[in-house]
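# Residue-level structure breakdown
Listed below, chain by chain, are the residues.
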Amino acid sequence: MGWRGSIFDGLSADDGFKARMKALADRGRRLARAYTRRPMQRVRVKGAAPQAGAYARPVTVKVLYHDRARGAYPNTVAVLANYLAKEGPLFDRDRTGIDKDAVAEAWSNDRRVFHVIVSPNDGHRIDDMVSYGRDVVAAWERRVGDLEWVAAVERKPDMAHPDGNQHLHIMLRGVRNDRDLYLEPDVVSRWLRFDAVEVTTDRVGCMTERERQSYERQLVEMERLRQERGREREGRQEPGGREL
């Protein structure tokens, strides 16, 4: 039976190699913690968000946050800004064509940055996604106060719209009034979506009964496709590991 060791066996046994790897890890941890410390400002909304009407336009809102205090990389803001700029011109409430490098320079020493993805089911029916994005963030600001943000529009097919759809990527700066911004879970899980649904319904109009029934069938089909893809991934599993 042939040799089944690792090409790294000799290296891992070398004390010098171990010391270099430890030094790199320590440097990474120091860089991750090298951010500007500010007092915390927690943002909460009193009361529960009302239930959207049965004929309101569906919108998915996904919020990701990157926290330097929890190990986020120092170049996180630059990576996010590059990703958004790849999709299209960056814009905010007043400007279009914002320089991604200027955003990275201004925000990179902040503790936290939020990445919000707003996906209206009827995005393909919205003619001006830039003004739509501005309206959505303006609705959030009426709810939680002023926000510093940039956004871009991404256009591509998705599971429910094989011919193409469009959605927003929004970066929210995790600083307000020289304090670290913290959005309470109810703001993230309920209110941001509620306001986006309201803006979308105002812009596109309520669903008709036919559209509502079509959307319900779409949800059933999407769930079936998700389960199929899950089984396909399980079929590719090999002993000793799980695909992420």
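## Details of helix H6 (residues 185-204)
In a regular helix each residue adds 1.5 Å, so 20 residues correspond to 28 Å; H6 covers 28 Å between its end C-alpha atoms and thus fits that length. The sharpest bend along H6 comes to roughly 30°, located at Trp191. Within H6, the full set of buried residues consists of Val187, Trp191, Leu192, Phe194, Asp195, Ala196, Val197, Val199, Thr200, Thr201 and Val204. Where H6 is buried, its residues contact strand E1 (40-43), strand E2 (59-67), strand E5 (112-120), helix H5 (129-144) and strand E9 (179-183). Two residues or fewer past H6, Gly205 is found with a positive phi of approximately 95°.

## Things to note about the pattern of salt bridges
Any two side chains of opposite charge can pair, so long as their charged atoms come close to each other. For the structure shown, the criterion picks out 22 salt bridges. The shortest N-O distance in the salt bridge between Arg38 and Asp178 comes to 3.1 Å. On the criterion of sequence distance, the pair formed by Arg38 in the loop between helix H2 (15-33) and E1 and Asp178 in the loop between strand E8 (175-176) and E9 is long-range, its members being 140 residues apart. Relative accessible area serves as the criterion here: at 54%, Asp178 is assigned to the exposed category. Between Arg203 and Asp135 there is a salt bridge, with the nearest N and O atoms lying 2.6 Å from each other. A residue pair is termed long-range when its members are at least 10 positions apart, and Arg203 in helix H6 and Asp135 in helix H5 qualify at 68 residues.

## What about unusual backbone geometry?
We note that Asn177 has phi near 55°; this positive angle belongs to a residue other than glycine. Note on placement: Asn177 falls in the loop between E8 and E9. Overall, the relative accessible area of 64% leaves Asn177 in the exposed class. With a phi angle near 60°, Asp178 is a residue other than glycine that sits in the positive phi range.

## Considerations on the sheet that holds E8
Read from one edge to the other, the open sheet built from three strands follows the order E1-E9-E8, with strand pairing classed as mixed. This sheet does not close on itself; its edge strands, each paired only once, are E1 and E8. Of the strand pairs in this sheet, E1 and E9 are connected by four bridges, and their pairing is parallel. Its bridge partner being in E9, Gln41 is matched across the sheet by Leu181.

## Observations regarding the packing of aromatic side chains
For the structure on display, the rule yields three aromatic pairs. Plain terms: the ring middles of Phe91 and Trp149 are 5.9 Å apart, the flat faces sit at 90° to each other, and that makes the pair edge-to-face. With Phe91 in strand E3 (residues 90-91) and Trp149 in strand E6 (residues 149-156), this pair connects stretches of sequence that are 58 residues apart. Neither residue differs from the other here; Phe91 and Trp149 are each classed as buried. Taken together, a centroid distance of 5.8 Å and an interplanar angle of 85° make the contact between Trp191 and Phe194 edge-to-face. Of the two residues, Trp191 and Phe194 are both situated in helix H6; the distance of three residues between them amounts to about one turn of the helix.

## Details of the environment of Asp186
As for its position among the elements, Asp186 is in helix H6. In this structure, the C-alpha to C-alpha distance between Asp186 and Lys46, residues 140 residues apart in sequence, is 9.5 Å. Not counting residues up to four positions away in its chain, the partners in contact with Asp186 are Val45, Gly47 and Trp191.

## Let's talk about helix H3 (residues 76-87)
Every α-helix carries 3.6 residues per turn, so stepping three or four residues along brings you back to the same face. An ideal rise of 1.5 Å per residue puts 16 Å on 12 residues; H3 measures up with 17 Å between its terminal C-alpha atoms. For H3, the complete set of buried residues consists of Thr76, Val77, Leu80, Ala81 and Leu84. One side of H3 holds all its buried residues, which, seen down the axis, span an arc of 125°. Of the surrounding secondary structure, the elements contacted by the buried residues of H3 are E2, E3, helix H4 (100-107), E5, E6 and strand E7 (165-173).

Cut-off values and rules
- Sequence order as written defines residue numbering, which begins from 1 separately in each chain.
- Local features in this predicted model are restricted to residues whose pLDDT is 70 or higher, and side-chain atom pairs enter the listing and the counts only when it is 80 or higher, whereas totals over whole chains, interfaces and linings include all residues.
- Note that water and hydrogens are dropped before the side-chain values are worked out from all heavy atoms of the structure.
- Only DSSP runs of H or I covering at least 4 residues are called helices, and only runs of E covering at least 2 are called strands; the numbering of each starts at the N terminus.
- In this analysis, the expected span of each helix is defined as 1.5 Å times one less than the number of residues it contains.
- Two axes are fitted around each residue, one to the seven residues ending there and one to the seven starting there, and the angle between them is reported as the bend at that residue.
- Only protein chains enter the calculation, and the probe is 1.4 Å; a residue is then buried if its accessible area is under 20% of its type maximum, exposed if over 50%, and partly exposed in between.
- Residues count as neighbours in contact if any of their non-hydrogen atoms are within 4.5 Å of one another.
- By convention in these notes, a salt bridge is any Lys or Arg side-chain nitrogen within 4 Å of a carboxyl oxygen on Asp or Glu.
- Only strands that DSSP links by at least two bridges are regarded as paired with each other.
- For this analysis, a ring pair means two rings from Phe, Tyr or Trp (six-membered ring only for Trp) whose centres lie within 6.5 Å, classed as stacked if their planes differ by under 30 degrees, edge-to-face if by over 60, and tilted for the remaining angles.
- To obtain the arc, one takes the directions from the helix axis to the C-beta atoms.

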